[in-house]
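Below, each chain spelled out in residue letters.
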Amino acid sequence: MKKSFYITTPIYYPSAKLHIGHAYCTTLCDVLARYHRLKGDDTYFLTGSDEHGMKIEKNAALNNKSPQEFVDEIVVGFKKLWKALDISNDDYIRTTEKRHVETVQKIFSYFLKNNDIYLGEYEGWYCKECEAFWTDIQVGEEHLCPDCHRPVSKAKEEAYFFKTSKYLDDLLKIYDSNEKFITPESRKNEMINTFIKPGLEDLCVSRTSFSWGIPVKENPKHVIYVWLDALVNYISALGYLQKDDTLFKKFWLNDNCEKVHVLGADITRFHAIYWPMFLKALNLPLPNREFVHGLLMTKDGKMSKSKGNTIDPYPLIEEYGVDAVRYYLAREVNFGSDGQFTPEQFVERINMDLANNIGNLLNRTLSMINKYYDGVIPQFISNINNPYDSDLDQTIINSVKEYEECLNDLRVTDALIAATKIGARANKYIDETTPWVLAKQEDKTPLQSVMTHLAYSLYVSAVLLSIVLTRKSKEILLQLGLDGNINYETILNQHILDNVKINKGLPLFPRLDETIEVEKIKQMMNIK
Ligand code: ME8
């Protein structure tokens, strides 16, 4: 039976512009989605925006706009960024869409009927100025409103609560029975030690102190509080409880579909504790994996608007191209750990892996094929007297295998390390085999084997990297004389380039001058 793959990003808040951290998460998901499509899996990739809540209501008012107008404008910018980054999402869900609103309301009603939700009282820190409730963490030890910095006081309001105690045993069973449900494993331990062991409280799922949200049908002065609203996007987008639920059946209800949520560490609690509970309460299957990626920082810590240290991905895309930015994002930060954006590392990564490795290999190989073979790649042969041939052959087979193993386990960075081993090995192979010396020999078999091994190494590299280098991989194939279509099935066919006329073009990734480019990025980004 054909395998299916469903992958989601968090749905981002349209309260401000997206930065390179959001681009990082969405690019990782895109790379994984492209990998599964390449392998022929039925793939569905979802991203979107989380458009309700007090913060958005307030920001809209500050801008003299209705909340809907406000989010509509910001969402245009989100979509534009995903287009600029070649993000291949199959759908974009907005929590203000009718399909989502109706599904959330139906779920809320079902929970009420099933006694999973009850009416109680929410107690929190209230700011009279902002008319907003805040949590202990948000007000800090000084008990100040995080927005207006005025003192807050304890207050109560009527609210609905979800009974977490009812599903706690189920949750612990899920953690026990599937060790990869939340990865890295440290995140699961954090959930148990920080939230579950001290005693999990019921989750407040409605508010009456603001109105920009999905109304509770049975009691419309309440709006459904954001996490129940937000998490449901992963199934409302597939048509759950809607007239046409084909996608829901095809992806969520299909045991043969791997369902993956990718998210940042800041929102693990909601995905790892409440989301599985909601799904249990709905008697629905769980996702197979929740992958918690690390955060991308700058030298002065976490990126935040108030610190003014967010990195906008646009100038980087404009200056260095979408392939370079996607490659940097997917390769630089080890999936699961935090990473740091620095202009130095950005330039170094492009030079090391793209200019020196694959770019250099293409340039050297095609020049030699032009020179020694009039631009036509000869038939693939292996020279049994050349130990470097079998070593390169083995490197290719091992790299492809490692690449697949890593991607099947969501480890994008490691997969790219595996893929670029081929280019590194092939560049070294040129120095070892010295084709310019072989060209002077009468017996041209050794030269033929070297040239064809090099061309084939480029072919495999282009196919493997195509999930990241959305444009340059095609260009490599075109320069090799193929039609630019990427086909994974032929990856191990060493004869794919036999008698193909190459089409050498401009250098793929010209080497960047580190001093000049680092300075340029610092100025563009306003980094000291
Ligand atoms: O939390 N580095 O939305 P959000 C890497 N609406 N990733 C980062 C990052 C950084 N510096 N900053 C943000 C929300 N992210 C909710 C989600 S889901 C049902 C609801 C990424 O706009 C990371 O994936 O604050 C993080 O979890 C997400 O953006 C939070 O986006």
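These figures come from a predicted structure and were not determined experimentally. (Residues numbered from 1 in each chain as written. Predicted model: local features only at pLDDT ≥ 70, side-chain atom pairs only at ≥ 80, totals over all residues. Heavy atoms only, no water.)

Caption draft 1: Just the nonpolar core, in detail. Ranked by internal contacts, the top residues of the largest apolar core, which has 109 residues, are W82, L316, F346, Y403 and L480. Here the element with the most residues in this core is helix α18 (residues 445-465); it accounts for 13 residues. Here this core spans two domains, since at least three of its residues come from each of domain 1 (4-293) and domain 2 (343-490). With near-sequence residues (within four places) excluded, W82 lies in contact with Y12, L18, H22, A23, T26, T47, I87 and Y92. Listed in part, the 56 residues of the second largest apolar core include V104, I224, I273 and Y274. (Core = buried A, V, L, I, M, F, W, Y, C linked by side-chain atoms within 4.5 Å. Buried < 20%, exposed > 50% of the residue type's maximum accessible area, 1.4 Å probe, protein only. Helix = DSSP H or I, 4+ residues; strand = E, 2+ residues; numbered from the N terminus. Domains from an automatic or database assignment. Contact = heavy atoms within 4.5 Å.)

Caption draft 2: Local environment of the packing of aromatic side chains. Evaluation of the coordinates by the stated rule reveals 24 aromatic pairs. Arranged with centres 6.2 Å apart and planes meeting at 40°, the rings of Y6 and Y44 form a pair that is tilted. Placement of Y6 in strand β1 (residues 4-12) and of Y44 in strand β2 (residues 42-49) is noted, with a sequence separation of 38 residues between them. In terms of burial, Y6 and Y44 fall into one category: buried. Measuring from centroid to centroid gives 5.4 Å for Y320 and F346, while their planes differ by 65°, and the two rings are edge-to-face. (Phe/Tyr/Trp six-rings, centres within 6.5 Å; stacked < 30°, edge-to-face > 60°.)

Caption draft 3: Region of interest: the pattern of salt bridges. With the rule as written, the count across this model stands at 34 salt bridges. We note a salt bridge from E402 to K421, for which the minimum N-O separation is 3.1 Å. Of this pair, E402 sits in helix α15 (residues 387-408) while K421 sits in helix α16 (residues 412-433), and the two are 19 residues apart along the sequence. Here E402 falls in the partly exposed class, since its relative accessible area comes to 27%. Across the salt bridge formed by R411 and D414, the nearest N and O atoms sit 3.0 Å from each other. Among the residues examined, R411 registers a relative accessible area of 30% and is labelled partly exposed. Classification of D414 as partly exposed rests on a relative accessible area of 22%. A single network of salt bridges, built from pairs that share partners, joins K180, R289, D409, R411 and D414. (Salt bridge = Lys/Arg side-chain N within 4 Å of Asp/Glu carboxyl O.)

Caption draft 4: Inspection of the site of the ligand at higher detail. Around the ligand there are 23 residues in total, and I11, D50, D266, H293 and L296 lie nearest to it. In the model, an oxygen atom of the ligand is placed 2.8 Å from a nitrogen or oxygen of the H293 side chain. Burial of the ligand by the protein amounts to 94% of the accessible area it has alone, namely 670 Å². Going through the elements one at a time, β1, α1 (20-38), α8 (226-231), α9 (233-236) and β12 (257-264) are the ones with two or more residues in the shell around the ligand. The greatest single-element share of the shell around the ligand, amounting to four residues, is contributed by α1. (Near = heavy atom within 4 Å. Polar contact = N/O pair within 3.5 Å; in protein donor to acceptor, adjacent residues only side chain to side chain. Areas by Shrake-Rupley, 256 points an atom, 1.4 Å probe, with all protein chains shown as cover.)

Caption draft 5: Summary view of the sheet that holds strand β16 (residues 339-340). Spatially, β15-β14-β16 is the arrangement adopted by the three strands of the open sheet, whose pairing is mixed. One side of each edge strand has no neighbouring strand; the edge strands of this open sheet are β15 (301-302) and β16. Relative to β16, strand β14 (residues 296-298) is paired through two bridges, and the arrangement is parallel. Paired with L296 across the strands is G339, a residue of β16. (Pairing = 2+ DSSP bridges.)

The quantities given are spatial measurements derived from coordinates; they are silent on function.
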